[in-house]
Amino acid sequence: MPEVIGFVHGEVRPTSFEILVENKELAERGTYIKIHHEMYGWVLGQISFVRRFWDDRRGVEKIIASVRVIGFRDPQGLVRLPKTPFKPEERVFKAHQTLIRSVLGLDTATAVGLYVGTLDGEEGIKVYLDANKLIQKHLSVLAKTGAGKSYTVGVLLEELADKGVPCVVIDPHGEYYTLKFPNDNPGDYEKFAKFQIVPKGFQNVVEFTPNRAINPTADVEFKLSDKNLGAKDIIDILPTSLTSGQQALLYQAVNELKGSGDYTLEYVIQHLQLSDTNAKWGLIAALQSLLDTNIFSPEGVKLDEIVRKGQTSIINLKGIKPELQELIVSKLAGDLFEARKQNKIPAFFFLIEEAHRFCPERGVGQAISLSILRTIAAEGRKFGMGLGIVSQRPAKVDKNVLSQANTQIILKVTNPNDIVAISKSLENFTPELEEVMKNLPMGVAIITSENLERPVLTNIRVRRSKHGGGAVDLIKTRTGRQGERGGKVPIVGTKMEISRGIMSKLKTKIVGGEEKRGESKKEQKEEEWEENLTPDELDFLEETRGVGIKERIWRRVKDFFIEEKIE
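Remember, predicted model here, so these are calculated numbers, not experimental data. (Residues numbered from 1 in each chain as written. Predicted model: local features only at pLDDT ≥ 70, side-chain atom pairs only at ≥ 80, totals over all residues. Heavy atoms only, no water.)

### Topic: the overall build of the protein chain
Step number 1: Helix and strand counts for the protein chain come out as 18 helices and 25 strands.
Step number 2: Sequence separation of at least 24 residues holds for 66% of the intrachain contacts in the protein chain that already meet a minimum separation of 6.
Step number 3: About 28,400 Å² of surface is accessible on the protein chain, with carbon and sulfur atoms providing 48% of the total. (Helix = DSSP H or I, 4+ residues; strand = E, 2+ residues; numbered from the N terminus. Contact = heavy atoms within 4.5 Å. Areas by Shrake-Rupley, 256 points an atom, 1.4 Å probe, with all protein chains shown as cover.)

### A look at empty space enclosed by the protein
Step number 1: Throughout the structure, instances matching the rule amount to one cavity of 30 Å³ or more.
Step number 2: Roughly 40 Å³ of internal volume is contained in the largest cavity.
Step number 3: Tallied by class, residues from the lining of the largest cavity come to six nonpolar, two polar and no charged. (1 Å grid on protein atoms, 1.4 Å probe; cavity = no way out; pocket = protein on both sides within 12 Å on 5 of 7 lines; lining within 4 Å. Points joined across faces, edges and corners; volume = space filled by probe spheres on them. Nonpolar A, V, L, I, M, F, W, Y, C, P; charged D, E, K, R; others polar.)

### Here's the deal with the packing of helix α7 (residues 265-272) against helix α8 (residues 280-291)
Step number 1: Between α7 and α8, the shortest axis-to-axis distance is 10 Å and the interhelical angle comes to 160 degrees. Comparing the axis directions of α7 and α8 gives the class roughly antiparallel. The hand of the α7/α8 crossing is left-handed. For the pair formed by α7 and α8, the contact residues are Leu 265, Glu 266, Val 268, Ile 269 and Leu 272 on the first element and Lys 280, Leu 283, Ile 284, Leu 287, Gln 288, Leu 290 and Leu 291 on the second. (Axes fitted to C-alpha atoms, helices over the stretch in contact; angles between N-to-C directions. Parallel < 35°, antiparallel > 145°, perpendicular 65-115°, else oblique. Left-handed = near helix turned anticlockwise from the far one by under 90°.)

### With respect to the packing of helix α6 (residues 244-258) against α8
Step number 1: At their nearest, the axes of α6 and α8 sit 9 Å apart, and the two run at 70 degrees to each other. By the criterion of interaxial angle, the relationship of α6 to α8 is roughly perpendicular. Remark: the crossing between α6 and α8 carries right-handed chirality. Contacts between α6 and α8 involve Gln 246, Leu 249 and Leu 250 on the former and, on the latter, Lys 280, Gly 282, Leu 283 and Leu 287.
Step number 2: Each residue belonging to the contact of α6 with α8 can be placed in one class, and the counts come to four nonpolar, two polar and one charged.

### Comments concerning the nonpolar core
Step number 1: In this structure, Ile 170, Phe 222, Leu 250, Leu 287, Leu 336, Phe 350 and Leu 373 are the most contacted members of the largest nonpolar core, which totals 74 residues.
Step number 2: At nine residues, the largest contribution of residues to this core is made by helix α10 (residues 322-341).
Step number 3: Every residue in contact with Leu 336, bar those within four places of it in the chain, is listed here: Val 168, Leu 303, Val 307, Ile 345, Phe 348, Phe 350 and Met 385.
Step number 4: Leu 114, Val 116, Ile 125 and Leu 351 belong to the second largest nonpolar core, which has 46 residues in total. (Core = buried A, V, L, I, M, F, W, Y, C linked by side-chain atoms within 4.5 Å. Buried < 20%, exposed > 50% of the residue type's maximum accessible area, 1.4 Å probe, protein only.)

### A short note on the pattern of salt bridges
Pairs can form between side chains of opposite charge once their charged atoms are near each other.
Step number 1: Scanning all chains against the criterion turns up 29 salt bridges.
Step number 2: Residue Asp 398 pairs with Arg 374 through a salt bridge whose shortest N-O separation is 3.1 Å. Residue Asp 398 is found in the loop between β18 (385-391) and α13 (399-402), and its partner Arg 374 is found in helix α12 (residues 370-383); the two are separated by 24 residues along the sequence.
Step number 3: Salt bridges sharing partners connect three or more residues here, namely Glu 158, Glu 159, Arg 461 and Arg 463. (Salt bridge = Lys/Arg side-chain N within 4 Å of Asp/Glu carboxyl O.)

### Regarding the packing of aromatic side chains
Step number 1: By the definition in use, this model includes eight aromatic pairs.
Step number 2: The interplanar angle of 20 degrees and the centroid separation of 4.8 Å between the aromatic rings of Tyr 40 and Phe 72 together place this pair among those described as stacked. Taken together, the residues Tyr 40 in the loop between β3 (32-37) and β4 (41-55) and Phe 72 in strand β5 (residues 60-73) connect sequence positions 32 residues apart.
Step number 3: With a centroid separation of 6.4 Å and an interplanar angle of 75 degrees, the aromatic rings of Phe 348 and Phe 350 are classed as edge-to-face. (Phe/Tyr/Trp six-rings, centres within 6.5 Å; stacked < 30°, edge-to-face > 60°.)

### Quick look at helix α14 (residues 416-425)
Step number 1: What α14 keeps buried is the set Asp 418, Ile 419, Ala 421, Ile 422 and Ser 425. The buried side chains of α14 occupy one side of the element, clustering within an arc of 160 degrees when seen end-on. For α14, the exposed residues lying more than 90 degrees away from the buried face are Pro 416, Asn 417 and Lys 424.
Step number 2: Check the buried side of α14 and you find it contacts β10 (139-142), α13, β19 (407-410) and α15 (431-438).
Step number 3: Between a side-chain oxygen at the N-terminus of α14 and the backbone nitrogen of Asn 417 the separation is 2.9 Å; the capping residue is Asn 415. (Arc of directions from axis to C-beta. Polar contact = N/O pair within 3.5 Å; in protein donor to acceptor, adjacent residues only side chain to side chain.)

### Some words on α15
Step number 1: Those residues of α15 that fall on the buried side of the exposure criterion are Leu 433, Val 436 and Met 437. An end-on view of α15 places all buried positions within 100 degrees of arc, on one side of the element.
Step number 2: Lining the buried residues of α15 we find β19, α14, β20 (444-448) and β21 (456-460).

### A closer look at the sheet that holds strand β8 (residues 113-119)
Step number 1: The strand order β9-β8-β21-β20-β19-β10-β18-β17-β11-β16-β12-β13 describes an open sheet built from twelve strands, whose pairing is mixed. With partners counted over all chains shown, the strands left at the sheet margins are β9 (122-130) and β13 (220-221), one partner each.
Step number 2: Strands β17 (348-352) and β18 of the sheet are contacted by α12, whose axis makes an angle of about 140 degrees with β18. (Pairing = 2+ DSSP bridges.)

### Thoughts on the environment of Tyr 267
Step number 1: Mapped onto the elements of the fold, Tyr 267 is located in helix α7.
Step number 2: A relative accessible area of 41% means that Tyr 267 is categorised as partly exposed.
Step number 3: Residues Tyr 267 and Ala 253, 14 residues apart in the sequence, show an inter-C-alpha distance of 9.6 Å.
Step number 4: Among all residues touching Tyr 267, those that are not within four sequence positions of it are Leu 257 and Asp 262.

### Focus on the side chain of Gln 392
Step number 1: Note on placement: Gln 392 falls in the loop between β18 and α13.
Step number 2: A relative accessible area of 18% means that Gln 392 is categorised as buried.
Step number 3: If we skip the residues at most four places from it in the chain, Gln 392 touches Ala 143, Lys 144, Thr 145, Lys 149, Glu 354, His 356 and Asp 418.

### Some thoughts on the side chain of Ser 297
Step number 1: Mapped onto the elements, Ser 297 comes out in strand β15 (residues 296-297).
Step number 2: Looking at Ser 297, its side chain comes within polar contact range of the main-chain nitrogen of Gly 300, at 2.9 Å.
Step number 3: With residues up to four places along the chain from it excluded, the contact list for Ser 297 reads Lys 223, Leu 224, Ser 225 and Asp 226.

### Quick notes on the layout of surface pockets
Step number 1: Estimated volume of the second largest pocket: approximately 930 Å³.
Step number 2: Along the walls of the second largest pocket sit 37 residues, with Asp 233, Lys 331, Gly 334, Asp 335 and Glu 338 positioned nearest its centre.
Step number 3: Secondary structure elements with two or more residues in the lining of the second largest pocket: β14 (224-225), α5 (231-237), α9 (303-306), α10 and α12.
Step number 4: Broken down by element, the residue count for the lining of the second largest pocket peaks at nine residues, all from α10.
Step number 5: Its residues assigned to classes, the lining of the second largest pocket comprises 16 nonpolar, nine polar and twelve charged.

These results come straight from atomic positions and should not be treated as a statement about function.
Listed below in structure tokens is the structure:
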């Protein structure tokens, strides 16, 4: 039987109304409600605000909930808003899950659906994103630092890998190679049952890196091909600008080399050295800087090795200089886009972490990769190259790239400039949504997509694979402390509360319980010991006993030496 929340109260509009709440346990912000309209049947709404006050005239407390109307499905399957208001005093019920799924568009077929989590407040309703629309219409994942951005991206990549969608991931910090390994975090065991999934490592993940010394887990060494590069290709990836004279010289050298067969950057440099003009030296220096990166080879990694059906390719750039990362992204993105236009590689999804570095807003920064990423954002969907951008600074991402993303996953954002940037790229942005965005808890995201009728709050599901993007704890446990004699004292475990019984035993060992001492002397010693022994020293004595360290531990506390033999 439907649960009654209350009844319509006060002025009623077709798109909003208020409820005089009868069941305060159901009247929470975000709760989905249903109300019957005499012309349209059951209509879905959502509580956007709750307030309570004291009615002096009647001497009772009142709770009023404000509702924003979402709509109903018409016979053609379209979501509509009522054209006339609801009846005054009409009863309002908690919405059942079938109506929520139908109106919000959460009944996406699992064949193309990417399971990202559950509807906030409705654990039984799974939230799916349409894989086809995700690739065709682009994606952005935006959040402040530490809000769960990389974790959410990992969930998406798991789903895409499970569906066999080819993906290429630009990974500047080495966060995603752990997709290869199942999640073995004991803290996540209960969540597996909650989200109805099991741990899994994905064997169709291939890790590429330019430097295996820094990233030893990589499967393939990544190199770009400098074979038969055109003059424009070279100009696009050069870290410095060329004068018109230098550009003319480069075009001349490349055109002359084309007639003699295959050539590389090294051949271009050798050919330029034969020129009589002094303009050649600045050009040679710029080309030599490219060669010195050691990222080029005559063959390079073949594009069809990076983009394959069913394969997720992680381009791990951890430890690579930012300017070299830009070069790699620029050249790789351009090559992949051209290959896709010629149908040399299958349709795929191209995801870029730290997007504000590779496609920065004009006036904020410069990157040689900006031009090609703008092109892909505008034209990639026509050729089957989906673009995903991930950033903790939306305000610093090029607005032309950001605005092309029709699917957006937004976790907690508090910076005013970032909120303004999101509001300009998000349809139907409201002050209410801004307030929600600022106060999102960890693991909850606002998701907008073409297959969703309105932004929905989603509890992001637990990772099936191991998460590699967690922050590094500066202090995990106390690992050592410099004693007064200069020796380090090992400390193991976590801080514990020591009972008065244990403390009493320690006092006896430290002070000594000989009966021959006078009681007043012993009390004086105990008081002095308790005053001078720090909590860390108490922890140390107790915790090292529990792990069975067999050694004599000497510790000076004021005028005392403590000798403790650990059995």
